[in-house]
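What follows is the residue order along each chain.
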Amino acid sequence: MTFLKTAALTAMLGITATTGIAQEVTLRFQHFVSPNSANPKYFLDPWVEKVEAESNGRIKIEIYPFMQLGGKATAQYDLIRDGVIDGGWVIPGYTPGRFPEAEALELPFMVTKSAEEASRAAWEFTQKHLMDDFADVHLIAAHMHGPGIVHKKGAAIEDLSDFAGLKLRGPSRPATLLLDKLGAEPIGLPVPQFPEALSKGVVDGGVITWEMSPSLKLDELTDSHTDVAGDKSLYNLYFIWAMNKDSYNALPDDLKAVIDANSGLETSAMAGRAHDTGDRDGFVVMEDAGNEIATLSEDVTAQIVALGDEVTQDWIAEMTERGLDGAQLVEDARAAVEATRGTASGTDG
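As the structure is a computational prediction, the values presented were derived from the model and not from experiment.

Draft legend 1. Representation of the pairing of strand β8 (residues 185-188) in the model. Summarising the sheet, strand β7 (residues 167-170) and β8 pair through four bridges and their orientation is parallel. Along β8, the bridge assignment pairs Arg169 with Ile187. Each parallel crossover has a hand, and the one from β7 via helix α5 (residues 173-181) to β8 is right-handed.

Draft legend 2. The confidence of the model for the protein chain, seen in detail. For the protein chain, mean pLDDT is 93; residues scoring 70 or higher make up 93% of the total. In the model, residues 1-20 has pLDDT below 50 throughout and makes 33 contacts with residues more than four positions away in sequence or in other chains.

Draft legend 3. Examining the nonpolar core more closely. Judged by nonpolar contacts, the single largest core of 102 residues is most densely connected at Trp47, Ile59, Tyr238, Ile240, Trp241 and Ile304. Those residues in contact with Ile59 that sit more than four places away from it in its chain are Val25, Leu27, Val51, Glu52, Leu255, Val258 and Ile259.

Draft legend 4. Inspection of the environment of Tyr77 at higher detail. Relative to the assigned elements, Tyr77 resides in helix α3 (residues 76-81). Distance from Tyr77 to Ala164, taken between C-alpha atoms, is 35 Å for residues 87 residues apart in sequence. Dropping the residues within four chain positions of it, Tyr77 is found in contact with Val90, Arg98, Phe99, Asp133, Phe134, Ala135, Asp136, Val137 and Ile240.

Draft legend 5. Expanded view of the packing of α5 against helix α11 (residues 298-321). Direction vectors running N to C along α5 and α11 enclose 130 degrees, while the axes themselves pass 9 Å from each other. By the angle between their axes, α5 is oblique relative to α11. With respect to the hand of their crossing, α5 and α11 are arranged in right-handed fashion. Facing Arg173, Pro174, Leu177, Leu178 and Lys181 of α5, the residues of α11 in contact are Ile304, Leu307, Gly308, Glu310, Val311, Asp314, Trp315, Glu318 and Met319. Residues belonging to the contact of α5 with α11 are distributed by class as follows: eight nonpolar, one polar and five charged.

Basis of the calculations
Residues numbered from 1 in each chain as written. Predicted model: local features only at pLDDT ≥ 70, side-chain atom pairs only at ≥ 80, totals over all residues. Heavy atoms only, no water. Pairing = 2+ DSSP bridges. Helix = DSSP H or I, 4+ residues; strand = E, 2+ residues; numbered from the N terminus. Right-handed = clockwise from strand over helix to strand, strands pointing away. pLDDT = per-residue confidence, 0-100. Contact = heavy atoms within 4.5 Å. Core = buried A, V, L, I, M, F, W, Y, C linked by side-chain atoms within 4.5 Å. Buried < 20%, exposed > 50% of the residue type's maximum accessible area, 1.4 Å probe, protein only. Axes fitted to C-alpha atoms, helices over the stretch in contact; angles between N-to-C directions. Parallel < 35°, antiparallel > 145°, perpendicular 65-115°, else oblique. Left-handed = near helix turned anticlockwise from the far one by under 90°. Nonpolar A, V, L, I, M, F, W, Y, C, P; charged D, E, K, R; others polar.

Here you go:
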């Protein structure tokens, strides 16, 4: 919901906000993670500062972590759509099956391990395939995180057989489909529920990024962290940063222009860089904790890639049954990834 700070003053003076008083607005956005994690620290907070500065202070944005304005992370899209909040950070995959085309970007080994490159690909793919899906919100950015890592109690993964029977947290349908192929028991959990599930023994570990590891205390709750070989991610997750349409439309044109100038491809890339920066930070924390850090051999990685290809083919068949062109979605996702390969700036978020 949007709050016009000048409303009371203009009512007292009996004039409208267009008669010489610059309209000011406060927007309330929320997310579901620690304010010290990479996306808020290196993307959301700098984005807010930039918007506020470029609006000469006429836009004020309040950011609420940990879903402090209410609701669950799984309901974030609807909270934005319905105007309960002015905007927020959304993981479409938290509502499996609702945004099926977005899953193309989350398929195994789809994107590179550069979150910035992957986020540029995500924006391009979104423009081609997903704008209708998100028509009831105002899209600001679409992005990916960095490479998904297997974090678990006990020794690092060395062979496919090590996955057998492990209860592993997965964040999305494509990730859980891959874990199932690997012989693990996938358990779908949003980020906020992962640490408690680990501490209570509900899961043996899970897949998530380096950057989220410190805020989830994975240096304490797990013992090992395993990545795959090569330059492609084991899995990835697709995000959007979006506004309520009425909140956006209520802005005067010059303030809409400020939001527009801080939306799109480069803003999506900025979000990706934030995750790359956070991955570097998180890796150091896990390393300093003395935890085992491992990379699977190329042979074992090749076996996982083959299973990932099975997941992709199964997904294409499922999408085809739903009346979507699954093969074209995969082809276009891969094309976007290749078109944005090598575009990472290498700078911090």
